[in-house]
Structure formats: structure tokens, C-alpha cells
Amino acid sequence: MNLKDLDLATRTKYTSNYPMMITGSAASGKTRALENMSMEDKKRTVVLNFDVKPVGEGRNDEFHSVYTIAATSEQIDKQIELLNGRGRTLVESGLDKKDPKVLYIKGMLAHLKGIKSASYFIDDIESVDKIISTILDATFDESVDRVVVDTLSSTIDFCETYSNTNFTGREIWAAYGFSLQRIMQAVKESTIFGLKYSYVFAHHDYIPAGQYKTTPKQVVAVKGGIMKGNIEQHYSTIVYTYLDEEGRRMFECDNRNSLDTSRTKLVADKFSFERESLDDLEQLHALKKECVDGKLVEIS
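Before going into details, it helps to say that this report is about the structure given with it. Nothing here was measured: the structure is a model prediction, and the numbers come from that model.

On to the layout of surface pockets. What the largest pocket holds in volume is close to 670 Å³. What lines the largest pocket is a set of 24 residues, among which G58, N60, V66, I115 and A118 lie closest to the centre. Contributions of two or more residues to the lining of the largest pocket are made by β3 (65-70) and α5 (100-117). Considering each element in turn, the lining of the largest pocket owes the most residues, 5 residues, to β3. Here the residues of the lining of the largest pocket sort into 10 nonpolar, 10 polar and 4 charged. Volume-wise, the second largest pocket comes out at about 260 Å³.

What follows is about the side chain of D279. Looking at the secondary structure, you find D279 in helix α9 (residues 278-285). In this structure, D279 is buried with no salt-bridge partner, the nearest side chain bearing the opposite charge being K289 at 5.3 Å. One polar contact links the side chain of D279 to the main-chain amide nitrogen of M1, over a distance of 2.9 Å. Sequence-distant contacts of D279, that is, excluding residues within four places in its chain, are made with M1, M37 and D41.

What follows covers the side chain of R275. If you trace the backbone, R275 turns up in the loop between β9 (270-274) and α9. Buried and unpaired, R275 has E276 as its nearest opposite-charge partner, separated by 5.5 Å. Not counting the four nearest positions on each side in its chain, R275 is found in contact with S28, G29, R32, A33, N36, R249, M250, F251 and D280.

The description of an aromatic ring pair uses the distance of the two centres, along with the angle that the planes make with each other. With the rule as written, the count across this model stands at 11 aromatic pairs. Seen in terms of ring centroids, F50 and F158 are 6.1 Å apart; in terms of plane orientation they differ by 25°. Their pairing is stacked. In this pair, F50 sits in the loop between β2 (45-48) and β3 while F158 sits in helix α7 (residues 152-166), placing the two residues 108 residues apart along the sequence. Ring centres 5.0 Å apart and planes at 90° place the aromatic pair W173 and Y176 in the edge-to-face group. Here the residue W173 and the residue Y176 both occupy positions in helix α8 (residues 171-192), the gap between them amounting to 3 residues, near one helical turn.

This structure, assessed with the given rule, holds 15 salt bridges. Measuring nitrogen to oxygen at the nearest pair gives 2.8 Å for the salt bridge that ties E62 to K42. Highlighted residues: E62 in the loop between β2 and β3 and K42 in helix α3 (residues 39-42), separated in sequence by 20 residues. Summarising the burial analysis for this pair, E62 and K42 share the class buried. Linking D129 and R182 is a salt bridge whose minimum nitrogen-to-oxygen distance equals 2.9 Å. Of this pair, D129 sits in helix α6 (residues 127-139) while R182 is found in helix α8, placing the two residues 53 residues apart along the sequence. With a relative accessible area of 27%, R182 lands in the partly exposed category. Because the salt bridges share partners, they merge into one network encompassing D41, R146 and E282.

Residues L136, F140, I192 and F193 make up a contiguous nonpolar surface patch of about 430 Å² in total accessible area. Examined against the element boundaries, F140 turns out to sit in the loop between α6 and β5 (146-150).

Conventions used here
- Residues numbered from 1 in each chain as written.
- Predicted model: local features only at pLDDT ≥ 70, side-chain atom pairs only at ≥ 80, totals over all residues.
- Heavy atoms only, no water.
- 1 Å grid on protein atoms, 1.4 Å probe; cavity = no way out; pocket = protein on both sides within 12 Å on 5 of 7 lines; lining within 4 Å.
- Points joined across faces, edges and corners; volume = space filled by probe spheres on them.
- Helix = DSSP H or I, 4+ residues; strand = E, 2+ residues; numbered from the N terminus.
- Nonpolar A, V, L, I, M, F, W, Y, C, P; charged D, E, K, R; others polar.
- Buried < 20%, exposed > 50% of the residue type's maximum accessible area, 1.4 Å probe, protein only.
- Lys, Arg positive; Asp, Glu negative; His and termini not counted.
- Salt bridge = Lys/Arg side-chain N within 4 Å of Asp/Glu carboxyl O.
- Polar contact = N/O pair within 3.5 Å; in protein donor to acceptor, adjacent residues only side chain to side chain.
- Contact = heavy atoms within 4.5 Å.
- Phe/Tyr/Trp six-rings, centres within 6.5 Å; stacked < 30°, edge-to-face > 60°.
- Patch = residues over 30% accessible without salt bridge, like charges linked within 9 Å, V, L, I, M, F, W, Y side chains within 5 Å.
- Areas by Shrake-Rupley, 256 points an atom, 1.4 Å probe, with all protein chains shown as cover.

Below you can see the structure in the form of C-alpha cells.
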């Protein structure tokens, strides 16, 4: 749901149920809910694609911005240098600048430079600071409505590998915990300070559709002692997404369900409906729609 041109009171109301964690097993529809948003909403969305997977249709202008993580910039730098050399050789040999071979090299150079500028490298000790800076920039950017972290599990893995790469001894786990806390705090602040929709996607183990309703869901796993067993407390709303026996991908939340950690501040205490996109949750929590018999309908 677009927040553009709304006054502060309305923005505060619409984002009051955030930050939000969406939890589900792999292929339960978390990233697809992001991709299914309208083009207008996607253009106002910053994505931290820590899962390092294709997001959306692959166009540079589909989202406001998409960031990812990578092992090192060294190999990218080497490829850029090699491509520059090949391009110069082709042009010096008399090949036209519009020749397909030259255009391919230009395209690859732009592609690799784009990856480098939108990546956080594990061997860069300043990477966590850069992630925080990206989130803060989005927090106070009027052209951004939402910040999405896809996923928490990959963020945890990044923080661990980053710490192992850049620190030694006892500093490793201290750096890991501090890095994870800083990133999660910055995401929360995008709502508190910037009045943005903030989402963090998280994983739980695979549960067969026929057993989903009766299977307890474990709390989101965190490595080490930092935030272990209580990371859910950092979120105002926790929604579960899953594939039911009819093949429908669902969004579900129930304050009274003792089998999971879902929660909502909505008066109804619970909801369950077939998922289309993140906009479903934004419409529901803005009280523009309500859940009736498993479907979202406009509030009359």
C-alpha cells in the first residue's frame, strides 16, 4: 500500500503494526508475496536480498533498490579489468562500437559494476556499517515505503561468516552478536523513526501440508546465545505463511494458537486467508480490508 503524500498521523496509523516477521518453510511464498506487489509499490521498496537469489523479473528499475551479499570483490574487480582490456582490444582492432561483441562487453561491465555497488562483501570489515547506512538512508527517504529483509536466516549466516573472516578469538562471537543486533535494530528503526513498513522473512523447518495445523512450530533459530529463543519479541506482528492441502498459499496469525509464535494487535485476534502479496497485510492492518471466511474483503 502506497504511503506517498499521506500525512504523518495516517502514516503512523498504517505502520503501527510493524515491524513484521513473516515465517514459513522454504517455498511457502515469502519472496513471492514481495514479487506479487504492484509495480508502483515495488518501486517504493528496498530489498536486502541476503538469500542471494533472483528477486522479481530481473529489471534494474523494478524495485527502488535491491542489495545482496558476496564473498569478496576481488574476483569481480578482476573480471571488470579483463573485460575492459578485451573491449579496448576489440575497438583498437577496428571493430565498430555497436558490434554485438562490443555491446556484450559493455553490458557485462555495467552488470558487474551494478553488482559491486549493491553488494556487501564478507571480507569487508565495514560491511555491517554499510548495511546499517543503507537501512538508515531508506528510513528517511520519502521515495521509500517499505524495507524488506529476505531472510533472517541468511542475515544470521552473513553475520557469522563476516565475523569469522574479520575477527579472531573471543572477538568473533561478540562481533557476530553485535552485528546481528545492529541490523535488526536498524530495521525496527525504519518503522519507529521513518514510519516505513518493515518486514523480515524467516524460516522454520518443512512441515507437510496435512500436518501443518497440528504441528508445533519452533521459535526462529539463532546461532549462539545472542537473541536465542527470543528474537520474535522484537516484532509487533508475526505472520505464518504455508501451503495448505488444497495447494493454496496462506497468511495466518492467531494470538491464541499455542502451536506457534504468531501474534497481531488486530482486535479480531486472528486471521487466515489465501496470500497474494504483501499488500494484503498492509490493507488488513490499515483496517481497509477484513478477513471473512478465508478471504480479504473491503470494509464497507
